[in-house]
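Inside the fold
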Amino acid sequence: MRRFTQAEVDEVAAGLHTPQETLEWALGELHPRIAKASSLGAEDSVIIHMMAAIRPDARLITLDTGRLNEETYAMMETMRERYGVRFEVAYPDSREVSDMVNERGVNLFYESVENRVMCCGVRKVSPLRRALAGLDAWITGVRAGQTENRRGAARLEIDGRNGGILKVNPLVSWTWDDVWSFIKKNDIPYHPLLDRGYMSIGCEPCTRAVSEGEGHRDGRWWWEGSSGSKECGLHMEHGA
């Protein structure tokens, strides 16, 4: 297994200036022990398009939480047909889901932040951690402008939450407008919910469209208000 020091990460990152350069380096150095984790959002469409041009056999992981929108499953097929990619689908542990639902209810996340964090942990965080366990690096769609918590994100990071593997954020410096400009310029397929006001793609009962003036992640867990962290636990290292 390959692990980078912070000095090595900083040296490599200094020579990478675009998402394409970042992906070319990462896939060239680390394939097949690197994978893109995808929720099929707009950023993911952009990165999958770039990855397919660089390395068509690059690995893609997606989490099937059991509570996804039907449009998300359809989007997986759209990307498979367009780019010839194959998604490695990670599922939650069925016993953990059963125990959680039997104890706290099927829609436990509406009851408290504690319950919501538990549900995200069982359905998303734990499955991803298992999927990443054998890798040297993973690629995300994180952008610094998505939330206050992500403002400190870097192009390359050491991910202490996942065994010290490398975390690659090729779009870290892009804006939402940059993402959509690239999608339109290259006629890239994108998730149909994005045309209905969604800015972030998550589980069906926990994600809604946002209104004008709302932030990128305000459609997540909206019943909690805007004061808490809009994170499920996959990307928490940049804030408290």
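Look up: the structure comes first, before these words.
A short tour of the structure in this document, coming up. All chains use their own residue numbering, which begins from 1 and follows the written sequence. Reporting of local features is limited, given that this is a predicted model, to residues whose pLDDT is at least 70; pairs of side-chain atoms are given and counted only at 80 or more, and all residues count toward the totals for whole chains, interfaces and linings. Only hydrogens and water are set aside when side-chain values are computed; all heavy atoms of the structure are taken into account.

Structural notes on the sheet that holds strand 1 (residues 34-37)
Where we set the bar: The pairing criterion is simple: DSSP has to find at least two bridges between the two strands. A run of H or I in DSSP becomes a helix once it reaches four residues, and a run of E becomes a strand once it reaches two; helices and strands are each numbered from the N terminus. Angles here are taken between N-to-C directions and fall from 0 to 180 degrees, while the axes themselves are lines fitted to C-alpha atoms, restricted in helices to the stretch in contact. Only heavy atoms matter for contacts: two residues are in contact if any of them lie within 4.5 Å across the pair.
Taking strand neighbours across the sheet as the criterion, the 6 strands line up as 3-2-1-4-6-5 in an open arrangement whose pairing is mixed. The sheet is open, and its two borders are formed by strand 3 (87-90) and strand 5 (156-159), each paired with just one other strand. On average, adjacent strands in this sheet sit at an angle of 30 degrees to one another, irrespective of strand direction. Note: strand 1 against strand 2 (residues 59-63), 3 bridges, orientation parallel. Across the sheet, residue lysine 36 finds its bridge partner in strand 2, namely leucine 60. Of the strands in this sheet, strand 5 and strand 6 (165-168) are in contact with helix 1 (residues 6-14), which crosses strand 5 at around 160 degrees.

A word on the pairing of strand 5
Where strand 5 and strand 6 come together, 4 bridges link them in antiparallel fashion. What sits directly across from glutamate 157, in strand 6, is lysine 167.

Observations concerning the environment of threonine 65
Under the convention used in this document: Distance and chemistry together define a polar contact, namely a pair of N or O atoms within 3.5 Å, with one atom able to donate a hydrogen and the other to accept it when in protein, and with adjacent residues in sequence counting only for side-chain atoms on both sides.
Relative to the elements of secondary structure, threonine 65 occurs in the loop between strand 2 and helix 4 (70-83). For the pair formed by threonine 65 and lysine 124, sequence separation is 59 residues and the distance between their alpha carbons is 6.4 Å. Sequence-distant contacts of threonine 65, that is, excluding residues within four places in its chain, are made with Pro92, Arg123, Lys124 and Cys203. Side-chain polar atoms of threonine 65 contact the backbone nitrogen of arginine 67, separated by 3.1 Å.

A closer look at the packing of aromatic side chains
Here is the rule: Aromatic rings from Phe, Tyr and Trp, taking only the six-membered ring of Trp, are treated as a pair when their centres fall within 6.5 Å; an angle between ring planes under 30 degrees marks them as stacked, one over 60 as edge-to-face, and anything in between as tilted. Partly exposed describes any residue whose relative accessible area lies between the buried limit of under 20% and the exposed limit of over 50%, with all areas from a 1.4 Å probe on protein chains only and scaled to the type maximum.
Under the criterion given, the structure shown has 8 aromatic pairs. Consider the rings of phenylalanine 109 and tryptophan 223, whose centres lie 6.3 Å apart with planes at 40 degrees: the pair is tilted. Taken together, the residues span a long stretch of sequence, with phenylalanine 109 in the loop between helix 5 (94-104) and helix 6 (113-132) and tryptophan 223 in the segment after helix 7 (176-185) at a distance of 114 residues. A residue is classified by how much of its surface remains accessible, and phenylalanine 109, at 1% relative accessible area, is buried. Ring plane angle 75 degrees and centroid distance 5.9 Å describe the contact between tryptophan 176 and tryptophan 180, whose orientation is recorded as edge-to-face.

Things to note about the packing of helix 3 (residues 42-54) against helix 4
We apply this condition: Each angle is binned into one of four classes, with values under 35 degrees roughly parallel, values over 145 roughly antiparallel, values of 65 to 115 roughly perpendicular, and all other values oblique. The crossing is said to be left-handed when, going from far helix to near helix, the turn is anticlockwise and less than a right angle, and right-handed when the turn is clockwise.
Put simply, helix 3 and helix 4 touch, their axes get as near as 11 Å, and they point 25 degrees apart. By the angle class used here, helix 3 and helix 4 are roughly parallel. For the element pair helix 3 and helix 4, the recorded crossing hand is right-handed. In this structure, helix 3 uses Ser45, Ile48, His49 and Ala52 to contact helix 4, whose residues at the interface are Met75, Met79 and Tyr83.

A closer look at the nonpolar core
Put simply, the rule reads: By nonpolar core we mean a set of buried residues, namely Ala, Val, Leu, Ile, Met, Phe, Trp, Tyr and Cys, connected to one another through side-chain atoms within 4.5 Å.
Counting residues in hydrophobic clusters, the biggest one holds 41 residues, and the most contacted among them are Ile34, Val46, Met51, Met79, Phe87, Ile139 and Leu166. In this structure, methionine 79 is in contact with Leu40, Ser45, Ile48, Gly84, Val85, Phe87 and Pro189, ignoring residues within four places of it in sequence.

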